[in-house]
Every structure is written in C-alpha cells, then in structure tokens.
Amino acid sequence: MLDKIKQLEKKIKEEIFSVQQSIDLLAIEKKYLARQKGELAQLIKRIGKLSNEEKPIAGQAFNQLKQKINQWLKQRQQELECQSTKDNSTAIDITLPGKKYLLGYLHPLTRVRQQVSDIFTSMGWQVLEGKEVETDYYNFTALNIPFDHPARDMWDTFYLKKDNLQFDPQLIKETTKNEKLLLRTHTSPMQIRVMKSQTPPLKTVVIGKCFRHEATDAGHEHTFYQIEGLVVDQQISLSNLIHTLQDFLKDFFQQEIKFRLRPEYFPFVEPGLEMDISCFNCHGKGCSVCEQTGWIEALGCGMIHPRVFQEVGYPANKYTGFAFGIGLDRLAMIKYKINDIRWFHRGDLRFNQQF
Ligand code: DAH
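Residues numbered from 1 in each chain as written. Predicted model: local features only at pLDDT ≥ 70, side-chain atom pairs only at ≥ 80, totals over all residues. Heavy atoms only, no water.

A. Region of the structure containing the overall build of the protein chain. Secondary structure summary: the protein chain contains twelve helices and ten strands in total. Against the globule reference of 20 Å for 355 residues, the protein chain gives a C-alpha radius of gyration of 42 Å, more extended than a compact globule. In terms of its C-alpha atoms, the protein chain occupies a principal-axis envelope of roughly 130 × 50 × 40 Å. Looking at the protein chain residue by residue over its 355 residues, the buried ones come to 41%. (Helix = DSSP H or I, 4+ residues; strand = E, 2+ residues; numbered from the N terminus. Rg over C-alpha atoms; globule rule 2.2 N^0.38 Å. Buried < 20%, exposed > 50% of the residue type's maximum accessible area, 1.4 Å probe, protein only.)

Rendered as structure tokens:
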C-alpha cells in the first residue's frame, strides 16, 4: 500500500509541475482530490481493508500525500502567475511612462468670445460678426463722422487699394466710385448694417476683429476684438443701458463690479459716456495697472444719435436706443490679469497653455 502511495505521489508531482496553464491545475485537483470520484477517494476505501497494524501507517501516508498535493498545486499556481507577468506578450509593465496625448484647447480670446456670446444669447440678443473689410461710408460717414471731420483722427485707419485686391462683390457694389475700402477700425459700422436691414425692436451684439494703424505697446495692438451692443425700441433709456452693462459685467466677472460713468465724445451717440471699472489689481487704491487712478477704462457707450437714426431711415422721434463698444482683449486682460495685449497674437505656447 505504501508503495502504491509513493508511486502515486511521484506521478502527481510530475503532473502538477508540467502544467502550463492554471486551468489545467484545476483539472488535476478535480482528478485526484474530488470527494467522491477522485483517485484519492478511491484509495482511501482500500485502506479500510488493511490489517490493524497497517491501517494507521497507510492513513498517515495518505494524509501527507493529500497535504503535499494541495501545497504543490498552490506553488505551481504562483509560478505560473509569475511567468505570465514576465512574459512580454501578455505583461503590462506599469512602470513604463504612458503615452501623453496632446489635446487641443481654445485660445483665451476665443474662450472669452464664447463666454460673451453666451451671456448675450441668454438675454435673448442676436449675435453677429460682421465684415472685417468695410466701406468708408459704414465705418465713418453713416456714423456721423463726415469726410474731413477731425473726429476721424480718433481711429488710425488701414486703407485698402480696391484695384489689386479681390473683394466680396457685394462690398464692391456698395462702394461708390471714389469711396475707399478699409479694415474696420471698430465694430460700430454693424450698427448701421443692422438698422438698415431690420426694424426695431433690436437687441444685437456684434463680436469681431478690428484693426488700427497704430504703434503697438502693452495696451495697444493693430489687431484686436470689439463687442458692439445695439438696442433700439420705443422708450429705451439711459437706465436700460446702465442696467444692461451692469448685468453683463456681473455675469462675465462672476462678481459685483464697481463702476463709474464719465461724459465722453463719440460722434454717433448723444450723450456719449465712458465707463470705468474699479481696478482689479488694487481695488481702487491706485497702482501701476490703473496708473494710480484706481479706475480702468472699460468701454464707450451712449444713446444713439438722432442723425444716425436719420441716416438709416428710421422715422424721426419714433425710436430711441443705446449702443456700447467694449474691447474684448481688454476684458480678457482684466479677467485673467494679463499685463500686455501683445501676448494674444504672439503664438507663444508658454502663454497660451496657461488657459
Ligand atoms: N466704436 C468706439 C471705438 O472704437 C467705441 C464705442 C463708443 C462704441 C461708444 C459704441 C459707443 O457703440 O456707443 O472707439
């Protein structure tokens, strides 16, 4: 009997250590250790038939074999697990640095543009972009800035030669023979286009690129964005304008904004106003950002000039309205504490990646 057990032990050991997959270990376990039909269960039945002296010896050998089988099964299982992690085809080396996927992201000005557009859309305004190349008439004359009027000096303008450039045929049709084409210096020409093509009530915001022929510095750039607001209806008042701007600024900066209004001259509004907001850097105490005044110029605004209404053909005294113009870049600079407007167009990733 003991010989029989010894032989079985050798066979089972060989079998277990030649297994290459864990699943085969389960089959071996079942084959030998299953309660009813396992080979060991068969063997134990035979022990009962041995003499009284042989029984305890065989019983002990039998129990030891059972323990050994369990131990070998465990050992082999661990070996197989180790092997599979070493094997390159199936292993995952968690110490290897992963592949970095570079996701695109939006330029800070694009983000601010979207935020502004969302705010006005939520208030029920139409959002437009307008043309970057404009006629002299829309950029100036129609806005009560006649040819040769000194107010034109407020906008340093890039003029374009009509003959050697291909323009939008619609625009060419709109220009008179001697009229100049130009890169729009502000978004205000869209006030005229909107009023000429739509009848009040109007609630429009124009967000788009503007250009000025001027020397650049920390606060000035030849290419920048403006937000133009236009509201026309019956009985629109200055308080509607102030309330709208207050609401917009609160929503944009996500906090109550302290502001002040000063009289200012813009040919297309009467009265014309400039709005300053409390300096974000020193909170009104005075610092280098606000040139020690405690205030930052934020925007121009006012009530639409009767001459502008006349120019677009609206009946006299029927409508009133307000308009405002905000530098989008300036808003972004205030919100993100950017100290130089020229960062926006430098294409420097160290700057762009911060947003
Ligand atoms: N267009 C003016 C500029 O670029 C800004 C402006 C001022 C726009 C007053 C307005 C306004 O609509 O009412 O300097």
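And the narrative resumes.
B. Broad picture of the packing of aromatic side chains. Applying the stated rule across the entire model yields 17 aromatic pairs. Pairing Phe266 with Phe268 gives two aromatic rings, centres 6.3 Å apart and planes at 35°, and the pair type is tilted. Taken as a pair, Phe266 and Phe268 share a single burial class, namely buried. Taken together, the ring pairs connect Phe120, Trp125, Phe248, Phe252, Phe253, Phe322 and Phe324 into an aromatic cluster. (Phe/Tyr/Trp six-rings, centres within 6.5 Å; stacked < 30°, edge-to-face > 60°.)

C. How the structure looks around the pairing of strand 5 (residues 202-211). Within strand 5, eight of the ten residues are buried, leaving the element largely enclosed by the surrounding structure. Relative to strand 5, strand 1 (residues 126-128) runs parallel, the two sharing three bridges. Bridge assignment links Gln126 to a residue of strand 5, and that residue is Thr204. Pairing between strand 5 and strand 6 (residues 223-233): ten bridges, direction antiparallel. Among the inter-strand pairings, Cys210 is bridged to a residue of strand 6, identified as Phe224. (Pairing = 2+ DSSP bridges.)

D. Representation of the nonpolar core. Judged by nonpolar contacts, the single largest core of 44 residues is most densely connected at Val116, Phe248, Phe324 and Leu331. Among the secondary structure elements, those contributing two or more residues to this core are helix 5 (108-122), strand 5, strand 6, helix 9 (238-253), strand 8 (269-278), strand 9 (295-304), strand 10 (320-327) and helix 11 (328-336). Of the residues forming this core, the biggest block, six residues, is contributed by helix 9. Setting aside anything within four residues of it in sequence, one finds Phe324 in contact with Phe120, Trp125, Ile227, Glu228, Gly229, Leu241, Leu245, Leu299, Gly300 and Cys301. In terms of nonpolar packing, the next biggest core, distinct from the first, is built from 27 residues, Tyr138, Phe140, Met195 and Ile304 among them. (Core = buried A, V, L, I, M, F, W, Y, C linked by side-chain atoms within 4.5 Å. Contact = heavy atoms within 4.5 Å.)

E. Local environment of the site of the ligand. Lining the immediate surroundings of the ligand are 16 residues, of which His186, Ser188, Arg212, Gln226 and Glu228 lie closest. Between Trp155 and the ligand, the recorded distance is 3.4 Å, taken from a side-chain N or O atom to an oxygen atom. Arg212 places a side-chain nitrogen or oxygen 2.8 Å from an oxygen atom of the ligand. For the ligand, the protein covers 93% of the area, taking 350 Å² as the surface of the free molecule. Among the secondary structure elements, those contributing two or more residues to the shell around the ligand are strand 6, strand 9 and strand 10. Across the shell around the ligand, the residue classes tally to seven nonpolar, seven polar and two charged. (Near = heavy atom within 4 Å. Polar contact = N/O pair within 3.5 Å; in protein donor to acceptor, adjacent residues only side chain to side chain. Areas by Shrake-Rupley, 256 points an atom, 1.4 Å probe, with all protein chains shown as cover. Nonpolar A, V, L, I, M, F, W, Y, C, P; charged D, E, K, R; others polar.)

F. Region of interest: the sheet that holds strand 10. Pairing in this open sheet of seven strands is mixed, and the strands run 1-5-6-10-9-8-7 from one edge to the other. Of all strands in the sheet, those bounded by a partner on one side alone are strand 1 and strand 7 (259-263). Averaged over all pairs of adjacent strands, the angle between strand axes in this sheet comes to 20°, irrespective of strand direction. When strand 9 meets strand 10, the two strands line up antiparallel, connected through five bridges. Residue pairing for strand 10: Gly302 is matched across the bridge by Ala323. Strands strand 1, strand 5, strand 6 and strand 10 of the sheet are contacted by helix 5, whose axis makes an angle of about 170° with strand 5. (Axes fitted to C-alpha atoms, helices over the stretch in contact; angles between N-to-C directions.)

G. Local environment of helix 3 (residues 39-47). Listing the buried residues of helix 3 in full gives Leu40, Ala41, Leu43 and Ile47. Buried residues along helix 3 cover an arc of 160° about the axis, so they all sit on one side. (Arc of directions from axis to C-beta.)

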